Amino acid sequence: MSKKVPFTIKEIERCPECDAELVIRNGAHGPFYACSSYPFCHYLRPLKAQVDGHIVKELDGQICPKCGFTLVLRQGRYGMFIGCGHYPECEYTELINKPDDTSINCPQCQQGKLLQRKSRFGKTFYSCSRYPECQFALNHKPISGNCMFCHYLLLIEKRTSQGVRLFCASKLCNKQQVNEIEK
């Protein structure tokens, strides 16, 4: 259900379809202009003009590998990314924060590598590079080594009140190792 925004506009705009007054409504994606004669007229327009205002910086010296234009830094819906300055003709994009490869083999599938990733809430976690075929994931930093109790192929680093300690990454074992990390 849309509600009226609690502020007014000094100049009155008219609907281009029926010449009724445009009012500002608030929807799920933010404020927008709507025709006041709704439901007879369904005219809508975004409140902010959708111009190319999301370009943050032009990256001099960096050229798009697809079309040869200069790359630009953009602010998008999901954060900052690098894209071609000749958008929408060229849709080349690349991530700024690429996942870090830990060069540790996945203990579940033995084929992929564990990658450092960020959740949609900004928390760091580690998962297999073969996702979605392998859904192995950890919330703590993986350390290569074998558990001295169950001989599982991976250890994790946890910060406890006594300092940083190593634990078995197996959910069945999860025992603290005798060797500790000094930091």
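The shown structure was predicted, so the numbers you read here are calculated from the model rather than taken from an experiment.

Trainee: So what's going on with the overall build of the protein chain? Which residues, and what values?
Mentor: On a plain count of helices and strands, the protein chain comes out with 0 helices and 16 strands. Going through the 183 residues of the protein chain one by one, you find that 29% of them count as buried.

Trainee: For the UniProt feature "domain: DNA topoisomerase type IA zn finger" (unreviewed entry) in the protein chain, give the residues involved together with the corresponding values.
Mentor: Cross-referencing UniProt, the feature "domain: DNA topoisomerase type IA zn finger" (unreviewed entry) maps to residues 13–49, 62–98 and 105–142 in the present numbering. Annotated as 0% helix and 42% strand, the span residues 105–142 places its first and last C-alpha atoms 10 Å apart.

Trainee: Could you give an account of the packing of aromatic side chains, with specific residues and numbers?
Mentor: As enumerated under the stated definition, the model contains 0 aromatic pairs in all. For the cation-ring pair, K175 lies above F149, with the distance from its terminal atom to the ring centre recorded as 5.1 Å.

Trainee: Please set out unusual backbone geometry residue by residue, giving values where relevant.
Mentor: In the segment running from Y38 into P39, the intervening peptide bond is cis, with an omega of 15°. Summarising the element assignment, P39 is placed in the loop between β3 (30–35) and β4 (44–46). Residues Y131 and P132 are joined by a peptide bond in cis, for which omega reads 10°. For P132, the location among the structural elements is in the loop between β11 (124–128) and β12 (137–138). Of note, Q110 is a non-glycine position whose phi angle comes to about 60°, a positive value. Assignment of secondary structure puts Q110 in the loop between β9 (100–105) and β10 (113–118). Given a relative accessible area of 44%, Q110 falls into the partly exposed group.

Trainee: Could you give me a rundown of the environment of C106, with the residues and numbers involved?
Mentor: Relative to the helices and strands, C106 resides in the loop between β9 and β10. Along the backbone, C106 and R130 are 24 residues apart, and their C-alpha atoms lie at a distance of 9.2 Å. Discounting chain neighbours no more than four positions away, the residues touching C106 are G112, K113, L114, C128, C134 and F136.

Trainee: A description of the pairing of β11 should follow, citing residues and the corresponding values.
Mentor: Where β10 lies against β11, 5 bridges are found, and the strand directions are antiparallel. The residue of β11 that forms the bridge with R117 is F125. Counted along the chain from β10 to the antiparallel partner β11, the turn is 5 residues long, and its residue G122 has a positive phi close to 95°. Note: β11 against β12, 2 bridges, orientation antiparallel. Within β12, the position partnered with Y126 by the bridge is L138.

Trainee: Explain the pattern of salt bridges to me, using residue names and the numbers behind them.
Mentor: Oppositely charged side chains may form a pair once their charged atoms are brought near each other. Per the stated rule, a full pass over the model turns up 1 salt bridge. Ionic pairing is found between E13 and R45, a salt bridge with its closest N-O pair at 2.9 Å. Of this pair, E13 sits in the loop between β1 (3–4) and β2 (22–27) while R45 sits in strand β4, placing them 32 residues apart in sequence. Accessibility expressed as a relative area gives 24% for E13, which makes it partly exposed. Under the relative-accessibility criterion, R45 is labelled partly exposed at 27%.

Rules and cut-offs
Residues numbered from 1 in each chain as written. Predicted model: local features only at pLDDT ≥ 70, side-chain atom pairs only at ≥ 80, totals over all residues. Heavy atoms only, no water. Helix = DSSP H or I, 4+ residues; strand = E, 2+ residues; numbered from the N terminus. Buried < 20%, exposed > 50% of the residue type's maximum accessible area, 1.4 Å probe, protein only. UniProt positions renumbered as here; feature names shortened; annotations may be inferred. Phe/Tyr/Trp six-rings, centres within 6.5 Å; stacked < 30°, edge-to-face > 60°. Lys NZ or Arg CZ within 6 Å of the ring centre and 35° of its normal. Contact = heavy atoms within 4.5 Å. Pairing = 2+ DSSP bridges. Salt bridge = Lys/Arg side-chain N within 4 Å of Asp/Glu carboxyl O.

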